[in-house]
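# Report on the structure
Each chain is listed here by its residues.
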Amino acid sequence: MIMPTMCLLILFSVIYGSVATHHFSRNLQTLSSDSNDQPYRTAYHFQPPKNWINDPNGPMRYGGLYHLFYQYNPKGAVWGNIVWGHSVSKDLVNWTTLDPAIFPSQPSDINGCWSGSTTLLPGNKPAILYTGIDSMKNEVQNLAKPKNLSDPFLREWDKFPQNPVMQPTSDNKIVPDSFRDPTTAWLGQDGHWRVLVGSRRRTRGMALLYRSKDFVNWVQAKHPFYSTKDSGMWECPDFFPVLKNGQLGVETSVNGDDVRHVLKASLKGHDDYIIGNYNTAKDVFVPDKGFDEFVLRFDYGKYYASKSFFDDGKKRRVLLGWVDESSSEADDIKKGWSGIIAIPRAIWLHRSGKQLVQWPVMEIEKLRANPVSLPPQVLKGGQLLQINGVTATQADVEISFEVSKLIEAEVLENWTDPQILCSQKGSSIKSELGPFGLLVFASEGLEEFTSVFFRIFKYQNKNLVLLCSDQSRSSLNKDNGLTTYGAFVDVEPLHEQLSLRTLTDHSVLESFGGEGRACITARVYPTLAINDKAQLYAFNNGTADVNITRLNVWSMKKAQIN
Ligand code: DQQ
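Residues numbered from 1 in each chain as written. Predicted model: local features only at pLDDT ≥ 70, side-chain atom pairs only at ≥ 80, totals over all residues. Heavy atoms only, no water.

Per an unreviewed UniProt entry, the chain goes by Acid beta-fructofuranosidase and derives from Vigna radiata var. radiata. Check the Pathway (unreviewed entry) section of the UniProt entry for the chain; it says "Glycan biosynthesis; sucrose metabolism." (UniProt positions renumbered as here; feature names shortened; annotations may be inferred.)

### Here we look at the sheet that holds strand β22 (residues 337-338)
Here we have five strands laid out as an open sheet, ordered β4-β3-β2-β1-β22, and mixed in their pairing. Of all the strands in the sheet, just β4 (96-102) and β22 have a single pairing partner and so form its edges. As judged from the seven bridges shared by strand β1 (residues 51-62) and strand β2 (residues 65-73), these two strands associate in the antiparallel manner. Following the sheet pairing, Pro-56 is matched in β2 by Tyr-70. (Pairing = 2+ DSSP bridges. Helix = DSSP H or I, 4+ residues; strand = E, 2+ residues; numbered from the N terminus.)

### Details of the packing of aromatic side chains
Given two aromatic rings, their pairing is described by the distance between the two centres and the angle made by the two planes. This structure, assessed with the given rule, holds 32 aromatic pairs. With 5.7 Å between their ring centres and 85° between their planes, Tyr-226 and Phe-285 make a pair best called edge-to-face. Here Tyr-226 is found in strand β14 (residues 226-228), whereas its partner Phe-285 is found in strand β18 (residues 284-287), with 59 residues between them in sequence. Take Tyr-226: its relative accessible area is 13%, and that puts it in the buried class. Members of the aromatic cluster, each reached through a chain of ring pairs, are Trp-186, Phe-225, Tyr-226, Phe-239, Tyr-278 and Phe-285. (Phe/Tyr/Trp six-rings, centres within 6.5 Å; stacked < 30°, edge-to-face > 60°. Buried < 20%, exposed > 50% of the residue type's maximum accessible area, 1.4 Å probe, protein only.)

### Examining the sheet that holds strand β6 (residues 125-133)
Note on sheets: strands pair through backbone hydrogen bonds, and any given pair is parallel or antiparallel. Read from one edge to the other, the open sheet built from four strands follows the order β5-β6-β7-β8, with strand pairing classed as antiparallel. Of all the strands in the sheet, just β5 (113-121) and β8 (157-159) have a single pairing partner and so form its edges. The sheet shows a mean angle of 30° between the axes of neighbouring strands, taken without regard to direction. Bridging between strand β7 (residues 139-146) and β8 involves three bridges; their strand directions are antiparallel. Its bridge partner being in β8, Pro-146 is matched across the sheet by Trp-157. (Axes fitted to C-alpha atoms, helices over the stretch in contact; angles between N-to-C directions.)

### Some words on the layout of surface pockets
The calculated volume of the largest pocket comes to roughly 1,200 Å³. Around the largest pocket, the lining comprises 41 residues; the ones closest to its centre are Val-295, Leu-296, Tyr-300, Pro-418 and Phe-488. Among the secondary structure elements, those contributing two or more residues to the lining of the largest pocket are β17 (270-279), β19 (296-297), β25 (356-360), α3 (418-425), β33 (462-470), β34 (484-489) and β37 (518-523). Taken together, the residues of the lining of the largest pocket break down into 22 nonpolar, nine polar and 10 charged. Here the lining of the largest pocket spans two domains, and each of domain 1 (4-23 + 367-556) and domain 2 (53-360) adds at least three residues to it. (1 Å grid on protein atoms, 1.4 Å probe; cavity = no way out; pocket = protein on both sides within 12 Å on 5 of 7 lines; lining within 4 Å. Points joined across faces, edges and corners; volume = space filled by probe spheres on them. Nonpolar A, V, L, I, M, F, W, Y, C, P; charged D, E, K, R; others polar. Domains from an automatic or database assignment.)

### As for empty space enclosed by the protein
What the second largest cavity holds in volume is close to 60 Å³. Along its surface, the second largest cavity is lined by Tyr-44, His-45, Phe-46, Leu-92, Val-93, Trp-95, Leu-320, Ile-341, Ala-342, Ile-343, Pro-344 and Ile-364. A breakdown of the residues in the lining of the second largest cavity according to their chemical character gives 11 nonpolar, one polar and no charged.

### Some points on the pattern of salt bridges
Between side chains of opposite charge, a pair can form as their charged atoms come close. Under the definition given, this model contains 34 salt bridges. The salt bridge involving Glu-325 is made with Arg-523; its shortest N-O contact spans 2.8 Å. Of this pair, Glu-325 sits in the loop between β21 (316-323) and α2 (329-335) while Arg-523 sits in strand β37, and the two are 198 residues apart along the sequence. Here Glu-398 makes a salt bridge to Arg-368, at a shortest N to O gap of 3.2 Å. Note that Glu-398 is positioned in strand β29 (residues 394-402) and Arg-368 in strand β26 (residues 368-374), a separation of 30 residues in sequence. Assigned by exposure class, Glu-398 and Arg-368 land together as buried. Residues joined by salt bridges that share partners form a network here, namely Arg-61, Asp-311, Asp-312, Lys-314, Arg-316 and Glu-363. (Salt bridge = Lys/Arg side-chain N within 4 Å of Asp/Glu carboxyl O.)

### Topic: the site of the ligand
Near the ligand, the surroundings consist of Asn-54, Asp-55, Gln-71, Trp-79, Trp-114, Ser-115, Arg-180, Asp-181, Glu-235 and Tyr-304. At 2.7 Å, a side-chain N or O of Gln-71 approaches an oxygen atom of the ligand. In this structure, an oxygen atom belonging to the ligand sits 3.2 Å away from a main-chain N or O atom of Ser-115. Isolated, the ligand exposes 310 Å² of accessible area, and the fraction of that covered by the protein chains is 93%. Residue assignment for the shell around the ligand shows that the elements contributing at least two residues are β1 and β5. Grouping the constituent residues of the shell around the ligand by class yields three nonpolar, three polar and four charged. (Near = heavy atom within 4 Å. Polar contact = N/O pair within 3.5 Å; in protein donor to acceptor, adjacent residues only side chain to side chain. Areas by Shrake-Rupley, 256 points an atom, 1.4 Å probe, with all protein chains shown as cover.)

### Some remarks on the UniProt feature "domain: Glycosyl hydrolase family 32 N-terminal" (unreviewed entry) in the chain
Within this numbering scheme, the UniProt entry marks residues 45-360 as carrying the feature "domain: Glycosyl hydrolase family 32 N-terminal" (unreviewed entry). Helix makes up 2% of residues 45-360 and strand 49%, and the two end C-alpha atoms of the span are 12 Å apart.

### Side note on the domain arrangement of the chain
Segmenting the chain into domains produces domain 1 (4-23 + 367-556) and domain 2 (53-360). Each of domain 1 and domain 2 has a C-alpha centre, and these two points are 32 Å apart. Contact residues are listed per partner, giving 29 residues for domain 1 and 38 residues for domain 2. A buried area of about 2,800 Å², summed over both sides, lies between domain 1 and domain 2, and 55% of it is on carbon and sulfur atoms. For the interface between domain 1 and domain 2, the tally reads three salt bridges. A salt bridge links Asp-490 to Lys-354; its shortest N-O distance comes to 3.6 Å. Inspection of the domain 1/domain 2 interface yields 13 residue pairs in polar contact (both at pLDDT 80 or more). Among the secondary structure elements, those contributing two or more residues to the side of domain 1 that touches domain 2 are β34, β35 (498-505), β36 (508-513) and β37. Residue contributions to the side of domain 1 that touches domain 2 peak at four residues, all from β37. (Contact = heavy atoms within 4.5 Å. Buried area = accessible area lost by both parts, 1.4 Å probe.)

### Focus: the state of the cysteines
In a disulfide, the sulfur atoms of two cysteines are held together by a covalent bond. For the coordinates displayed, the defined rule picks out one disulfide. Here Cys-113 stays free of any disulfide, with the sulfur of Cys-236 as its closest cysteine sulfur at 15 Å. Residue Cys-113 is classed as buried on the basis of its relative accessible area, which comes to 0%. Cys-519 forms no disulfide, and the closest cysteine sulfur to it belongs to Cys-422, at a distance of 14 Å. (Disulfide = S-S within 2.5 Å.)

### Topic: the pairing of β18
Burial along β18 is one-sided: the residues Phe-285 and Pro-287 are buried and none of Val-284 and Val-286 is. Where β17 meets β18, four bridges bridge the pair, whose relative direction is antiparallel. Residue pairing in the sheet places Asn-277 in a bridge with Val-286 of β18. If you look at the hairpin formed by β17 and β18, you'll find four residues sitting between the two strands, and Asp-283 has a positive phi there, around 60°.

Pasting the structure below:
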């Protein structure tokens, strides 16, 4: 409950001033569950019992279960010895960890089993295509199929004895250390399979196209499927259709007048995408005008190597991404683990057709408990409003703002990168309209806090909404990454409220601005604002008042993970 008497009106100025063996010893014993020993371990974000993880691999729904594979080091909390870890879930929230599904055993993967995807072949038969690091340390693509299709857990996988099925040769111009991460395959008009593999030629990043009649013999297309200059190696490409209208997802082979296509690549530390049309007859992807380079990003914070799949149960497309740590390697070794998977997101095309929308899967709402709601109210310039009655380190916060006086918004003379703008202004520099938003993971004396907030600018006579996630004050331990992130949100504050949803989970916050039109994920490692010591506030450090039109907060229950 938020007690009005606790609603503090304080002058806000005081606050601011990248090799494995088959024989590893598995040990699924969990780490100490004492939250004092492990204040950064997440309660409802996926992570295995211990050790290092990175990219999600081959997510799919099979036998009524969601299967998540992931790059996993069975031997420690740093990258290395990479196998495909494997966990299953009935609801994308609670997870059970199984034995690794794919691990080095053939000359074609003896130095590592890197990222890849699953494809459901006719008859609902899953097949994995993954990158193997072969005995020459070259990157090659391998095929594996389940040993026993009647096992819904798909515990055991048989590798195709003639692996690899795609490899660099002396005449195919493939750079042997830049040929990896096959996508989910799709069927073309001719009934043949297509798959993309990430690559580069010098600094030109690209997705190579392969075709096959039988999923075993793959032939490289004459030209790359798509490429952009100076984007460097494309890791973990993804290619999928989205409906022009509505939030439902479609199976990866669907094409036609009702759909557009999305091409995503992981490059330079983020996941960027292009929307366009896929001409099946010509096998070419034609981006929308003015969007032939990567200008759109899934997440403007820490979010990489994501992969989507079509969930035939709920008829939606679900996106999973890796959220790396921002702590030092020594700290990761000390805590015994590194890397989490962001909350699975449903994704669809925004009605404008100009971008995707992402929203945490609805199942996560099962974890909501102890709702706290605040009546609509004015948040005055300089006001800090404490929100009591929630477990601030483990919460789901939804807040919406309405602004008037748009005429007085700060004028932005020159276009500036949103991350730079957020870093320069932080949450301390006042403008008329902003910063206003949330303070999460805040310590009692505000020695530590993380702020997620909006600022509104006038740029070329239009309103421009900036969303920032500022970690610069998140921890007194300066060994941690304290980067500030920013994104512009395509909302028009004249006609729409500014909505923000932030999920907090001990060392991660995922923020969704403009109903999922701009997402920012960040890692934080507070030293004071941990467990029940953390506080939550709404704040307005702008000079003009803003209206809070909605404020609903839930404490989140712990998910059953492992
Ligand atoms: N991680 C994998 C690669 C991929 C990279 C290796 C992306 O297959 O390109 O662990 O994070």
